[in-house]
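# Structural features, examined
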Amino acid sequence: MEDAYIEVRLDPFLEFNSASDDFINLLGDTYTFPLGNLDADSCGSFQVYFTVSCDSEEGQSHCTEAQIFPIQYFDWDGPILEVDSRCEGDSVHFFIKNKSASPMTEASS
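Residues numbered from 1 in each chain as written. Predicted model: local features only at pLDDT ≥ 70, side-chain atom pairs only at ≥ 80, totals over all residues. Heavy atoms only, no water.

### As for the overall build of the protein
For the protein, the helix and strand inventory stands at 0 helices and 8 strands. For 109 residues, the compact-globule estimate of 2.2 N^0.38 gives 13 Å, and the C-alpha radius of gyration of the protein, at 17 Å, exceeds that figure by more than 25%. Overall, the C-alpha framework of the protein stretches about 50 × 40 × 20 Å when taken along its three principal axes. Here the protein holds 109 residues, and the buried ones make up 14% of them. Across the protein, the fraction of contacts at a sequence separation of at least 24, relative to all contacts at a separation of at least 6, is 62%. For the protein, the computed accessible surface area is about 8800 Å², with 50% contributed by carbon and sulfur atoms. A distance of 14 Å separates the average location of the 4 positive side-chain charges in the protein from that of its 21 negative side-chain charges. (Helix = DSSP H or I, 4+ residues; strand = E, 2+ residues; numbered from the N terminus. Rg over C-alpha atoms; globule rule 2.2 N^0.38 Å. Buried < 20%, exposed > 50% of the residue type's maximum accessible area, 1.4 Å probe, protein only. Contact = heavy atoms within 4.5 Å. Areas by Shrake-Rupley, 256 points an atom, 1.4 Å probe, with all protein chains shown as cover. Lys, Arg positive; Asp, Glu negative; His and termini not counted. Charge placed at Lys NZ, Arg CZ, Asp CG, Glu CD.)

Next comes the structure, spelled out in structure tokens:
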């Protein structure tokens, strides 16, 4: 993948402090981390440090989103899984659905 990058969007109640890697602050709570060119099956990590705002309520849940770009689609005729989640109290529920007509014949990681 050429010119890959990750966009991280923080919850409005999370105040950005710093990050372990170089980043670009694009829009308020959205930060872009350039990755350069990546080989298939590349793996890595970085840390984002933040403070929870004093305007937040005690016990309030906070969500952060991350997505890698560019999005690449492959010629695939197997199952396509969609994962969604919902926070309920102190629990997170995941909903996994096969969005294709191809059945799952084995477990997927």
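### Some remarks on the environment of D55
Among the structural elements, D55 can be located in the loop between β5 (48-52) and β6 (65-69). A sequence separation of 45 residues divides D55 from L10, and the C-alpha atoms of the two residues are 15 Å apart.

### Quick notes on the packing of aromatic side chains
One pass over the structure, following the stated rule, counts 6 aromatic pairs. Ring centres of F23 and F33 lie 5.9 Å apart, and the angle between their planes is 45 degrees; this geometry places the pair in the tilted category. Taken together, the residues span a long stretch of sequence, with F23 in the loop between β2 (14-19) and β3 (24-27) and F33 in strand β4 (residues 30-36) at a distance of 10 residues. An aromatic cluster of at least three residues, connected via ring pairs, comprises F16, F23, Y31, F33 and F46. (Phe/Tyr/Trp six-rings, centres within 6.5 Å; stacked < 30°, edge-to-face > 60°.)

### Quick word on the layout of surface pockets
The volume enclosed by the largest pocket comes to roughly 370 Å³. What lines the largest pocket is a set of 16 residues, and nearest its centre among them are L38, D39, S42, C43 and I68. For the lining of the largest pocket, the class distribution of residues is 9 nonpolar, 4 polar and 3 charged. In this structure, the second largest pocket spans a volume of roughly 270 Å³. Considering the residues around the second largest pocket, the lining is formed by W76, P79, I80, L81, M104, S108 and S109. (1 Å grid on protein atoms, 1.4 Å probe; cavity = no way out; pocket = protein on both sides within 12 Å on 5 of 7 lines; lining within 4 Å. Points joined across faces, edges and corners; volume = space filled by probe spheres on them. Nonpolar A, V, L, I, M, F, W, Y, C, P; charged D, E, K, R; others polar.)

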